[in-house]
Structures are given as structure tokens and as C-alpha cells.
Amino acid sequence: MEIEKSYNPKEAEETHYERWEKNGCFAPEINENPDAVPFSIVIPPPNVTGSLHMGHALQHTIMDVLTRWKRMQGFKTLWLPGTDHAGISTQLQVTKKLLKEEKKTRWDLGREEFTKRVWDWKRQYGGEITRQIRREGASVDWSRERFTMDKSLSKAVREVFCSLFEQGWIYRGKRIVNWCPKDKTVLSDLEVKEETRKDGKLVYLQYPIKNSTRKLTVATTRPETMLGDSAVAVNPKDVRYSDLIGEIILLPLTNREIPIVADEYVDAEFGTGAVKITPAHDPNDYELGLRHNLPQIVVMNDDATMNAVAGTDFNGLDRYIARAKVIEKFDELGLLEKIDDYEISLPCCERCKTVLEPILSEQWFVKMDEMRDIALNLMKTENSPRFSPEVPHTKVYTNWLENLKDWTISRQLWWGHQIPAWYDDLGNVFVARTFEQAKAKAQNANLTQDEDVLDTWFSSGLWAFSTFGWNEKRDTETRRNGDKENVFSAGKFLKVSESDLDVFCPTDVLVTGRDIIFLWVSRMVMMTKKFVDKKPFNDVIITGTVLDKNGQRMSKTKGNGVDPLDVFEKYGVDATRLTLAGSSTGADFRWRDENVEQNRNFANKIWNATRFCLLNSEGAKVDHSSLILDENASIADKWIISRLNKTAINVNKELEKYQFHTAVNLLYHFFWDDFCDWYIELVKDEISSGNLQENEGQTTNDKGQARTRIITILEVALRMLHPFMPFLTEELWLKLPYTSSNLHHEAYKNAPQTIMLTSFPLGDLSAIDEKAEAEMQAVIELISKVRNIRAEMSIKPSERLSLHVSADGDLQKVFADNKARILKIARASNLILSETLNAPKASAKAALSRGAELAIPLEGLIDFDKERTRLENQVAKLEIEGSRLSGQLSNEGFVKQAPAEKVVELQERLIEIESQTKALNLNLEALK
RNA sequence: AGCCGAUUAGCUCAAUUGGAAGAGCAUUUGAUUUACAUUCAAAAGGUUAAAGGUUCAAAUCCUUUAUCGGCUACCA
């Protein structure tokens, strides 16, 4: 068989995905077992404008590992993909393009035409992220791909909106909201990003008091808002001002008179202890204004210029120009007391970074009282969702819920789900699922629909059930037209008698980042419980953040992002996936190409191990019966099969706990250390020499058996690696002799052959052979000691050594059984076994476990000083450990209270150390 | 301001309920009749940020401090 000397990922990546997808391997229908247990994940829908970043790559890797692992276990597995319409982002993108190419604004086009353009844009460019997801090898079911503005999902949005409105959980009202003057829309609290500015100013303004010469000084960071002041407030306990409560202020620059009120909200310690109150432009002032029945005076337009109410001097001025002018005018009037430097944090637009303006505005809100209780109750009564890692996310999630405020859901955009509310000429509102229903309610009055759309997160909040055809007629729309031909047709499609919603909701696990726990995770919990009376998911895996090599967050503005696609190009998809999966669950980690390089090397190692097996595969085939050993099997075989099964058991155990990095570690060391470095080396002679000729004392049948065994072990290892490294393992698995769909898990018997449908090795407890592992350990120790002596005594590798080993009878037998292998790997010519050590003085010596000793005669080669130093170093090491152990064992408390097996373990170790020390010391004596 | 996390070998990170501190990279030394130099072998490298406490036993639990990071709220 022709096989390249090193792994080139490109070819595998280009061919296998397409074939898997075409054969329907990703769809749950590939599973032929009618009783299969479902396993499902919904992808956190990336923005349709987005392109893949490391965060996605990390999350997708974890989801794909879980999906492939469960699929190989015979679960009816669905990983549902899709994208989010991403209101603001997408609208911005198209707006920019429009301006650049046609010098037009969205208003030039009008709503209908503009929206059409966005759809065109989506069709043209929106597929990028989905192509990238394919590139990652993600085994998502494309036949169920969803978009948040699909017909059925939009219908779900309307249904939820109307239903919540009817129950009074959605309301329309005037509140202080976060207004972005650039995007000209309101934002929810979660879309506000605080930014600290060191160059802030605190301006002290003097307000004259009516019928008095006194002035009251207020401090403000936003002087322009004074034009909308409707009171000044002081603390009722503040003796400085108690006589002023109830007095009237003559508000400068306006012709208004405003009262001085007393309110506990005011902190007497801060500033002057007197606060200007602008109910229409500050959330606290708004609340205070309600308590004191103050007028709400809006002085700004939606682009943060001042309006007519601000007065003719200010009308039309930008807020910052108006601010300067207010200060200037106060200065002219002699009412500017002072300006202090003041570090301030300003609310900014998450997307465009513009400083937001708190402004009184009429918007739609979701009342969160009941919603919060839904989520809190689930957490309290069922510990749901189960976060992984649990600390700190459960606590953070719960704390946040406890302090939750109402959610602003309207957005002044055109791209999104337009709010299903209509107004008649008198301003009466009619909320309805369709225009017709609204007309009926309004008795055919002249209706106009609300201009606003819903927050993107409103529709994403329904993702865990709207994607499964909720509120749709069953058996329709859940599967799209045209995709049926693409799906594997030899396998029986299940008759869709139950809907996807019944089968796949709740999903098993959600994998996402910390940043959207509140924005998305919490809302899915509430909405799903509320509307389908189910949990959206059982578990939530919160991934860490991928940082750059300096520990900084990757960001576009900093330009320090690492593009996953570049890494794929350079090192291959599988190496990248393994690197991501190898990061510890939930912890941030710094990206280093060196780590991927290491995994690229690992991929090459797997390639070459397979290459070796294939070059010696005449007469061999993948045959799992070859892994069942009889009593006469060699220690090496018993050992590797024990290790294989132990690895399988532990990998499954770790994956169950979402400890991906531990699983990766186990597989890496099993494959590289156990399988390649030891097993292949140990059995090399038995299986190699190209054709099936007999070696000394070996029959062709023995050789075929040995070849079958190693190739079968390899096959099992490839299966275990498959969820992490799908392309490489598929490429190699298909090359193994006699692989076919006969090797599939029984749920996939009729599917075209692929490793992804074989069964994931679970490991067999009865195949674990601790005795063989211990015996092999002794062989490994012996060889390691020989290598150590060789290296430390600077003995040429070509020098064939004679090994004198003293050991008890059992151990002698182990060494004798493996004599040929030991001689080969240790590059020795002779192995002399005896009860007591009998070697010339000019020997290098080492103490082995279980009282065994090694001596290598080095007549003429030995440097006695060097040998003495070497032995002394070893004695010193043992003594440090020995004295710690004997200290511990002479501690009564330890002996009494520690678990008995622990005490025994230490005692045995101490005896071992003592015997080795004794042996080494005797050797030292002999050298003096 | 509050809450949370992190601090382990030169670097990047592990360490399952408290029970002999481990990998990979980098370093040093040696190896090329080989499945793989994207390789193999060997060595060296630690007062687990600091101080105190609980315990027979602490990287792990508690207290304090320092540095870094995150989140939430608010500062008129």
C-alpha cells in the first residue's frame, strides 16, 4: 500500500466532510434504531454577519466532540445549526454598503426596499459563517439549519409576543432608557458597556433662590441637562439646607421656577449635597421625579442635539456644544462656581461605542418579575441548568436574576421582527398575531403598524424550541424542501410521528461563553419553561476565553485576533481542534501556535504509526476477537490491551464530566507513549520484515495474528480519537484492511462505511490486567535504567552491553519471557539472570523495584569517580524521600487516622527505598 | 463600591472528594542501516505569590496582604 511519509491534512479535510454530509451522517435519521435515546444540542447561532473566531472554534469543537461521541454510542443525535439575524450589526453592515456604493441612506430607500436589500445581502454574504462551520468538521445537521427570521421562527416570535402581551407580561410605557444617538435606537441594559474616562469634569453651578440673595450650588457632569431641570433635591437630614426645603429656584437660562425638594436619595456627603433633578434625562432623577410629582422635560432630540424646549439659544446644538455654552453662559452670569477634574464612567453603546444618553422614551418592555421567578425556581428546586464549571457561574447567574430589571425589547431599526402592534388614528394599540386579527379588533379602523422591531435576543431566547417547529403543524416545515435528496436514502427515514420538539427538547447541553449567560442563557430558560413547560437544556458548559499570547482578549480593534482559518491552513483542522479541546474546561488560556504545532506533530505520529502497521499488514485485518487474549499471551499484549481498555474507560468517564482536556491527555499519552514508544517497539520484530515469512521460532500464523492484533488496537485507538480528530481518523481508518460498515455500531449498519458511525470504545473492565501492567512496568524500569546508565556513563549506542540482573523467581521469569525484546530495545547482547547479583567490580549498577538489581560490566569503559557520583546522587534522592516517609510513618496521628491502604502504601514504598538504598550503598562500598 | 476568579518549573498549563507536585514547549547531552527529525533516548528545572491558621496530612480548606483579570451596580 502506498502511503505518504507525513500527514497532509488538506486532502482529508476536503473530501470527508462533503461525503459525510451527502450521506446524511449528521442527521439523526441515520440512526436505524427506533428505540435510540436522543441526544441534542442547539448551536448558539452566530451572527449572520459574523465570521469564525477562536471562541466559536473552541465552542464548536466541544459541541462536536460531544455530538460525535454520543453518536458513536448509538444515540439518536442532533446538533442543530443556524444563524442569528443580528439586528443592529446587520443593519449597520448594509447601511455602510449602501452609503459606499450608492451614496444613499436607508431613508432614501424606504423600509420595504431597505429590508429587501438586507435579505439580498444575507443571501449573498450570510453563508460565510456556515461555510466556516463546515470547515471545522462540525457534524451539524444542515437539513435542519435555521435562521432567526425564518418564517416559522418569526411566527413563534409573534406568538410569544402576543401571548405575553395578553398576560400583561409585555407592556408599553415611558421610561428612562439607554439611547444611542448614533444608531438612533434604544438598547437594553445588557447592551450597555461602561467606559471609564479620566478627563471628566464636575461642574459646579449656582442656582439663585427666589426672594433671597442666597444661591444653591449643584454639581453636575452634564451641565446641558440643566435646561430640563425640574427641581433641586437635598437630603432631609442635611442641616445646611433644611431651611431651603420648599423654597423656589429661579432656573438660569430658562424662565422657569423650580422647587427645592427633600429626598433620602441625596447623599449629603457628595458634591455640594444638593442635586439638580432632570427627570427626563436621568434614571434616578426620573424615580425621584415620580415621588415628588415633578414635570418631565425632554430637552434633547434623538441625535443628541438639543430641541426647542431647551430654548432658542440651544435649539439644534449638539449636546457637547450645548454643554460648553451652558458653562459659558453661567460664567457670564457669574454663576459658575468652579470646575473640578473628575474621573467618570460613561455608558456606551456596545456596538458603536457612542456615549449613550439616558432619555425618557416610550418603549416596549418585558416585565421580569414572573420571568425571574421561573428561572430562580428552576435553579432552586432542580439546580437547573447545571453549570459546568459550577463555580462561579451558578452563583453569578442567581445573583443577576435576583436583581433583574424589566427588559427593553423594542428597537428603532428596520431589520428584525417588526412588533405586531398596530395603532389607530387615536393612538389606541392593537396587538395581534396578524394584521387581519388586528383589523378585526380595531373594527377596521385605519391602522399603522408599530415601526419598531424586537431586540434580537428576544428571538434568540426562543431558539431552544422555535427551531424544533414549535407552534407549527407537525411534520411540515421542520424539514426543508430539497434537502431530502441530500440525505442518505438507503437508511430508513423515521416516519416523523412525533415532532422534533418532543424528541429533542430539552436539549442535553448548551455550550457557550460567559458573555451571553444573561443575554441568552437566562432568557432561554425563562422562555422555554414558559412556553413549552420544559427546560431548554440540562447542562450548560461555559467555555473560557481564548486570549492572545500576552494574555489580552482578542479583539478586532486591537488587531490581536488569531484567525482559526489561518491556523487550520497552517497546522490542520484536527490539530487545532485537539488544542482547543485540550484546554481545561472553563478556564481562560493564552493562544500559542506552539501548542498547535505539538498537536500537528501528534497527528503526524498517528499517521506514521498507522503507516507502520499498514506496511506490515499482509495477512492482517481488523478483527476485534484478536483482542481477547488467552493465558499464554505475551506480557506486552496483555499490557497494551489492559492499557487500551483502561484508557477507554477513563476517556468516557472524563467526557461524562466534560473534562475534555483530561480525555485528550489520556489519549495523547496512550497513543504516543504506550502504543508508539513501547508497544510498537516491543513487537516490531514480530510483525515487521515486510512479508509473511517466518521469523525464528515464529509461524506465519503467529505473525498474522500479531499483525491483526496491532492493527485492531490501532483501530480502537482511532475510534477513540475520532471525536477530537475526525478528518485524520477517517482518512486512516478507511485505509485499514477490511474496514467496512460491518464495523459500524448496530444502529448504523446500513450506512456507507465511515469511522464516525463505528461504536465508541467503552472499555472492558475485565480486560484490565494489573498483573501484566506491573510486570510490564518492571520491564520498562529495567530498560530505562539501562538507558540511564548508557547516557550518564557516555557509552556509545553501538556498544552492545551485557546485562546482569538479580531478581526473585517471579521477576526473573518476567525478564526471561521478554528477553529478546529487552535485548533489542536496550541494545544489549546478553541478559544474565540470577538470584543474587554476580558481576565484576567494574560495573555500573542500579537498584530496581522489588529488590532487583542491575549491573552492567564496563571493563575499560567505566570511570569510577563518575560511577560513585552517580550512585551517590541516587542514594541522596532516595534518602530525601525515605526520611520524609519515615517521618510520616512515625507520626502516630497519621498511622491511626489515615486510611489503612494509604499507610500500607507508604510502608511498602519505604521498604522499597530502604532496600534500594542498601543495595546502592553496598555497591558504593565496593568501589572504595 | 460590591461580587467572583487567578497567582504552581524559564514559558503555556494540569493535578478527580485534602493523601508521594505532573505534561508540553524551551534548555543541556547523546542518537540518523528507522513507521515517524513533525523522530528517539537521557538530564536538569518547584519553599505551589506572601504571611498566618485548621489538620496526622494542604497547591487544595479558613483569615489577611499583594498583583492581575472578569462581572455587576453606581457616583448627581
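Check the entry above for the structure.
Right, let's get into the overall build of chain A. Across its full length, chain A carries 29 helices and 31 strands. For a compact globule of 928 residues, the expected C-alpha radius of gyration is about 30 Å, and chain A comes in at 37 Å, more than 25% above that figure. Expressed as lengths along the three principal axes of its C-alpha atoms, the size of chain A is roughly 115 × 70 × 55 Å. Per-residue burial for chain A yields a buried fraction of 55% across its 928 residues. In chain A, of all internal contacts separated by at least 6 residues, the share reaching a separation of at least 24 is 77%. Split by element, the accessible area of chain A, about 41300 Å² in all, is 48% carbon and sulfur.

Summed over all chains, the structure comprises 61 salt bridges. For Arg592, the salt bridge is made with Glu594, and the minimal N-O distance between the two is 3.7 Å. What makes Arg592 partly exposed here is its relative accessible area of 37%. Glu681 is the salt-bridge partner of Lys684, the closest N and O atoms lying 3.3 Å from each other. Remark: Glu681 and Lys684 occur in helix H21 (residues 660-687); sequence separation between them is three residues, near one turn of the helix. By relative accessible area, which is 28% here, Glu681 ends up partly exposed. One continuous salt-bridge network, built from bridges that share partners, spans Lys10, Glu13, Arg135 and Glu569.

This part covers the sheet that holds strand S21 (residues 429-431). Overall, antiparallel pairing links the three strands, which are arranged S21-S20-S22 in an open sheet. Sheet topology places S21 and strand S22 (448-449) at the edges, where each strand pairs with a single neighbour. In terms of strand pairing, strand S20 (residues 421-423) meets S21 through three bridges, oriented antiparallel. Note that in S21 the partner of Trp422 across the bridge is Phe430. Strands S20 and S21 of the sheet are contacted by helix H12 (residues 435-442), whose axis makes an angle of about 135° with S21.

Relative to each other, helix H27 (residues 864-889) and helix H29 (residues 900-927) sit at 155°, their axes nearing to 9 Å. In terms of orientation, H27 and H29 fall into the roughly antiparallel class. Helix-helix and strand crossings are classified by hand; for H27 and H29 the assignment is left-handed. Residue composition of the contact of H27 with H29, grouped by class: 13 nonpolar, nine polar and six charged.

Of note, Thr507 is situated in strand S24 (residues 507-513). Within the local environment of Thr507, its side chain forms a polar contact with the backbone oxygen of Pro536, the two atoms lying 2.7 Å apart. With sequence-adjacent residues up to four places away left out, Thr507 is seen in contact with Ser40, Ile41, Val42, Phe468, Pro536, Phe537 and Asn538.

Okay, the nonpolar core next. Core analysis: the biggest nonpolar cluster contains 137 residues, and Leu66, Phe671, Phe675, Phe724, Leu803, Phe815 and Leu854 have the highest contact counts within it. For this core, the element with the highest residue contribution is H21, accounting for 16 residues. The residues contacting Leu854, other than those within four sequence positions of it, are Leu782, Lys785, Val786, Ile789, Leu803, His804, Val805, Ala844, Lys845, Ala846 and Leu848. In this structure, Leu404, Phe465, Leu510 and Met527 belong to the second largest nonpolar core, which totals 59 residues.

Let us now look at the protein's contact with RNA strand B. What surrounds RNA strand B is a group of 62 residues, the closest being Phe270, Val275, Ser345, Trp672 and Glu881. A distance of 3.4 Å separates a base nitrogen of RNA strand B from a polar atom in the side chain of Lys684. Among the elements that take part in the surface near RNA strand B, helix H19 (residues 593-615) stands out by supplying ten residues, more than any other. In the surface near RNA strand B, the residues fall into 20 nonpolar, 17 polar and 25 charged.

What follows covers the packing of aromatic side chains. Inspection of every chain in the model, using the stated rule, returns 31 aromatic pairs. An angle of 35° between the planes, with centres 6.2 Å apart, marks the rings of Phe468 and Phe504 as tilted. Here Phe468 is found in the loop between helix H14 (463-466) and helix H15 (500-504), whereas its partner Phe504 is found in helix H15, with 36 residues between them in sequence. Look at Trp470 and Phe531: their rings are 5.9 Å apart centre to centre, the planes differ by 70°, and that puts the pair in the edge-to-face class. Of this pair, Trp470 sits in the loop between H14 and H15 while Phe531 sits in helix H16 (residues 517-532), and the two are 61 residues apart along the sequence. One exposure class covers both Trp470 and Phe531, and it is buried.

Strand pairing in a sheet is mediated by backbone hydrogen bonds. Such pairs are either parallel or antiparallel. Strand order in the open sheet made by the three strands is S17-S25-S24, with parallel pairing throughout. A single partner strand is all that each edge strand has here, and the edge strands are strand S17 (386-388) and S24. Here the strands of the sheet are splayed against their neighbours by 25° on average, with no regard to which way each runs. Pairing geometry for S17 and strand S25 (residues 537-543), over three bridges, is parallel. Opposite Phe387, over in S25, you have Val540 as the bridge partner. Those strands touched by helix H11 (residues 390-402) are S17 and S25, and its axis lies near 135° from that of S17. Of the strands in this sheet, S17, S24 and S25 touch H16, which is tilted by about 165° from S24.

Let's shift gears to a negative patch on the surface. Together, Glu2, Glu4, Glu11 and Glu14 make up a region of like negative charge exposed at the surface. The topology assignment puts Glu2 in the segment before helix H1 (9-22).

Most of strand S9 (residues 215-220) sits out of view: five of its six residues are buried. One ladder, built from six bridges, connects strand S8 (residues 201-208) with S9; its direction is antiparallel. Counterpart to Tyr204 in the pairing with S9 is Ala219. Between S8 and S9, which pair antiparallel one after the other, the connecting turn spans six residues, and Asn211 there sits at a positive phi close to 55°.

Scoring rules and cut-offs
Residues numbered from 1 in each chain as written. Chains lettered and ligands numbered in written order. Predicted model: local features only at pLDDT ≥ 70, side-chain atom pairs only at ≥ 80, totals over all residues. Heavy atoms only, no water. Helix = DSSP H or I, 4+ residues; strand = E, 2+ residues; numbered from the N terminus. Rg over C-alpha atoms; globule rule 2.2 N^0.38 Å. Buried < 20%, exposed > 50% of the residue type's maximum accessible area, 1.4 Å probe, protein only. Contact = heavy atoms within 4.5 Å. Areas by Shrake-Rupley, 256 points an atom, 1.4 Å probe, with all protein chains shown as cover. Salt bridge = Lys/Arg side-chain N within 4 Å of Asp/Glu carboxyl O. Pairing = 2+ DSSP bridges. Axes fitted to C-alpha atoms, helices over the stretch in contact; angles between N-to-C directions. Parallel < 35°, antiparallel > 145°, perpendicular 65-115°, else oblique. Left-handed = near helix turned anticlockwise from the far one by under 90°. Nonpolar A, V, L, I, M, F, W, Y, C, P; charged D, E, K, R; others polar. Polar contact = N/O pair within 3.5 Å; in protein donor to acceptor, adjacent residues only side chain to side chain. Core = buried A, V, L, I, M, F, W, Y, C linked by side-chain atoms within 4.5 Å. Near = heavy atom within 4 Å. Phe/Tyr/Trp six-rings, centres within 6.5 Å; stacked < 30°, edge-to-face > 60°. Patch = residues over 30% accessible without salt bridge, like charges linked within 9 Å, V, L, I, M, F, W, Y side chains within 5 Å. Lys, Arg positive; Asp, Glu negative; His and termini not counted. Charge placed at Lys NZ, Arg CZ, Asp CG, Glu CD.

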